[in-house]
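# Structure assessment
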Amino acid sequence: MRATMIYGAGDVRVETVPDPVLHEPTDALVRVLRSCVCGSDLWPYRSRPAGEQGDRIGHEFLGVVEDVGTDVGGLRRGDVVVAPFVWADNTCDFCREGLQTSCRHGGQWGADGVDGGQGEAVRVPQAAGTLVKLPVGEDDELLPSLLTLSDVFPTGHHCAVTAGVGPGTTVTVIGDGAVGLMAVLAARRLGAEQIVLMGRHEQRTDLGRDFGATDVVAERGDEGVERVRELTGGDGTRVVLECVGTEQAIATAFAVARDGGTVSRVGAPQYEKVPMGFGEFFRNLTLTGGVAPARAYIEELMPEILDGTLRPGRVFDRTVGLEQVPDGYRAMNDRTALKVLVRP
Ligand SMILES: [Zn+2]
């Protein structure tokens, strides 16, 4: 089959790899219907040292079950399913707490002999716990929105949930990438009143307004902080959702938080230290967030996609075939595409 490999910065290739087969009785084989490129795929795309050995890549996909091992209950050939961005048994103590990203028997796509999602098919370990059945056909128009359940929508949701967003909360969202826009959608869904979106790409912030942002701040740094404070009576917002992962973004997050407020981060941090010194201590600020246990949220978020209330799939602004995946990476890295959908 054909699958995407990453060899180094700027070096993504689509190659022929062995067809996946069932290894364990808990495995399933899934033929991929839709996959996509994640903002976090761009970190290795920008920084991975060049090497002879490539690795499989891609961790967001949905597809059709082609075969199941003898221990996979609840799934059968022909089911359309979505996979969260890590695989997990969904039964261990961490999974039962809704922390499938810490599963004792789980792992990551594209690592340790497990296929990546940007390919024609995937062997899915712990299939009964990992995969969630979708009540749609193989070419449903909802597939792009349902694919966001794999990562980007639950990640935005996790950011809002861990920050305690509820009815009437004031929120600043930092970043107009796909995760930031999903955080806007999630915050609105949870009842946030004022949602200030910090981002400077007008097409993206316009989509953010459609998703529920009440204000947009295009300025960055001190100027951006000042604008948010102006919009919030000088105080900042009770919740800040940091969806970028850079040092500047986390610094801005603390600066636009209201005293006593919460900063939640879901942008994979590209920094080691957070600015939580005496000043933040004296302002009683809380830092939360982390990697999103997408599996924990899929059943909760799916119904509003199925009934058309939410259309998170609007974040996909380009579709490519599998052989064009390298172009998709380039487009996202150049920021000429917001999020690229892959149709093998
Ligand atoms: Zn588990």
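## Digging into the overall build of the protein
In terms of regular secondary structure, the protein is built from twelve helices and 18 strands. Against the globule reference of 20 Å for 344 residues, the protein gives a C-alpha radius of gyration of 20 Å, in line with a compact fold. Put simply, the protein has 344 residues, and 54% of those count as buried. Within the structure as shown, the protein displays about 14,500 Å² of accessible surface, and the carbon and sulfur contribution to it stands at 46%. Side-chain charges of the protein comprise 34 positive and 49 negative groups, with the mean position of each set lying 1 Å from the other.

## Focus: the packing of helix H5 (residues 152-162) against helix H6 (residues 178-189)
Two elements in contact, H5 and H6, have axes separated by 7 Å at closest approach and are oriented at 55 degrees. Between H5 and H6, the crossing angle belongs to the class labelled oblique. Remark: the crossing between H5 and H6 carries right-handed chirality. Judged by residue contacts, Val 152, Phe 153, Thr 155, Gly 156, His 157 and Ala 160 of H5 engage Ala 178, Val 179, Met 182, Ala 183, Leu 185, Ala 186, Ala 187 and Arg 189 from H6.

## Quick look at unusual backbone geometry
A positive phi is found at Asn 284, a non-glycine position, where the angle reads about 55 degrees. Within the secondary structure, Asn 284 is located in the loop between helix H10 (278-282) and strand E16 (286-289). Using a relative accessible area of 58% as the deciding quantity, one classes Asn 284 as exposed.

## Some words on the coordination of the zinc ion
Protein ligation of the zinc ion involves Asp 89 (OD), Cys 92 (SG), Cys 95 (SG) and Cys 103 (SG), the donor distances falling in the range 2.1 to 2.3 Å. Around the zinc ion sit four donor atoms, and with donor-metal-donor angles ranging over 92 to 122 degrees the site reads as tetrahedral. Linear spacing of the donor residues for the zinc ion on their chain is D-x2-C-x2-C-x7-C. Across this residue pair, the class does not change: Asp 89 and Cys 95 are buried.

## Observations concerning the pairing of strand E18 (residues 340-343)
Looking down a regular strand, the side chains alternate between one sheet face and the other. Two elements, strand E3 (residues 28-36) and E18, share two bridges in a ladder whose sense is antiparallel. Bridging across to E18, Ser 35 finds its partner in Val 342. Taken together, the four bridges between strand E17 (residues 318-321) and E18 define a ladder with parallel strand orientation. In the strand pairing of E18, Val 320 is matched with Val 342. Assessed by its sense of winding, the connection that carries the chain from E17 through helix H12 (residues 325-333) to E18 is right-handed.

## Description of the side chain of Asp 79
Structurally, the position occupied by Asp 79 is in the loop between strand E5 (61-68) and strand E6 (80-83). A relative accessible area of 10% places Asp 79 in the buried class. A polar contact of 2.9 Å, which involves the side chain of Asp 79, links it to the backbone nitrogen of Arg 76. Apart from residues lying up to four places away in sequence, Asp 79 is in contact with Gly 63, Val 64, Val 65, Gly 74 and Lys 133.

## As for helix H11 (residues 298-306)
Looking at H11, one finds that the buried residues are Ile 298, Leu 301, Met 302 and Ile 305. Down the axis of H11, the smallest arc covering the buried residues is 110 degrees, so these residues share one side. As for H11, its buried residues are in contact with E6, strand E10 (132-133), helix H4 (143-147), H5 and H6. Following H11 by one or two positions, Gly 308 has its phi on the positive side, about 85 degrees.

## Let's talk about the environment of Glu 280
In this structure, Glu 280 sits in helix H10. Glu 280 gets classed as buried once you look at its relative accessible area, which sits at 19%. Separated by 23 residues in the primary sequence, Glu 280 and Ala 257 have C-alpha atoms spaced 9.9 Å apart. Sequence-distant contacts of Glu 280, defined by excluding residues within four places in its chain, comprise Phe 254, Pro 275 and Leu 285.

## A short note on the packing of aromatic side chains
Evaluation of the coordinates by the stated rule reveals four aromatic pairs. For the ring pair Tyr 45 and Tyr 329, a centre distance of 5.3 Å and an interplane angle of 40 degrees mean the geometry is tilted. Of this pair, Tyr 45 sits in helix H1 (residues 42-47) while Tyr 329 sits in helix H12, and the two are 284 residues apart along the sequence. Assigned by exposure class, Tyr 45 and Tyr 329 land together as buried.

## Overview of the sheet that holds strand E2 (residues 11-16)
Read from one edge of the open sheet, three strands run E2-E1-E4, paired in antiparallel fashion. Each of the sheet's edge strands pairs with one partner strand only, and the pair in question is E2 and strand E4 (55-56).

## A short note on the sheet that holds strand E15 (residues 257-265)
Pairing within the open sheet is parallel, and its six strands lie in the order E13-E12-E11-E14-E15-E16. Every other strand in the sheet has two partners, leaving strand E13 (215-217) and E16 as the edge strands with one partner each. For this sheet, the mean angle separating the axes of adjacent strands, direction not counted, is 20 degrees. Taken together, the five bridges between strand E14 (residues 237-242) and E15 define a ladder with parallel strand orientation.

Cut-offs applied
- Residues numbered from 1 in each chain as written.
- Predicted model: local features only at pLDDT ≥ 70, side-chain atom pairs only at ≥ 80, totals over all residues.
- Heavy atoms only, no water.
- Helix = DSSP H or I, 4+ residues; strand = E, 2+ residues; numbered from the N terminus.
- Rg over C-alpha atoms; globule rule 2.2 N^0.38 Å.
- Buried < 20%, exposed > 50% of the residue type's maximum accessible area, 1.4 Å probe, protein only.
- Areas by Shrake-Rupley, 256 points an atom, 1.4 Å probe, with all protein chains shown as cover.
- Lys, Arg positive; Asp, Glu negative; His and termini not counted.
- Charge placed at Lys NZ, Arg CZ, Asp CG, Glu CD.
- Axes fitted to C-alpha atoms, helices over the stretch in contact; angles between N-to-C directions.
- Parallel < 35°, antiparallel > 145°, perpendicular 65-115°, else oblique.
- Left-handed = near helix turned anticlockwise from the far one by under 90°.
- Contact = heavy atoms within 4.5 Å.
- Donors = N, O, S within 2.8 Å, 3.2 Å for Na, K, Ca; no water.
- Tetrahedral: all angles 85-135°; square planar, octahedral: opposite > 155°, others 65-115°.
- Pairing = 2+ DSSP bridges.
- Right-handed = clockwise from strand over helix to strand, strands pointing away.
- Polar contact = N/O pair within 3.5 Å; in protein donor to acceptor, adjacent residues only side chain to side chain.
- Arc of directions from axis to C-beta.
- Phe/Tyr/Trp six-rings, centres within 6.5 Å; stacked < 30°, edge-to-face > 60°.

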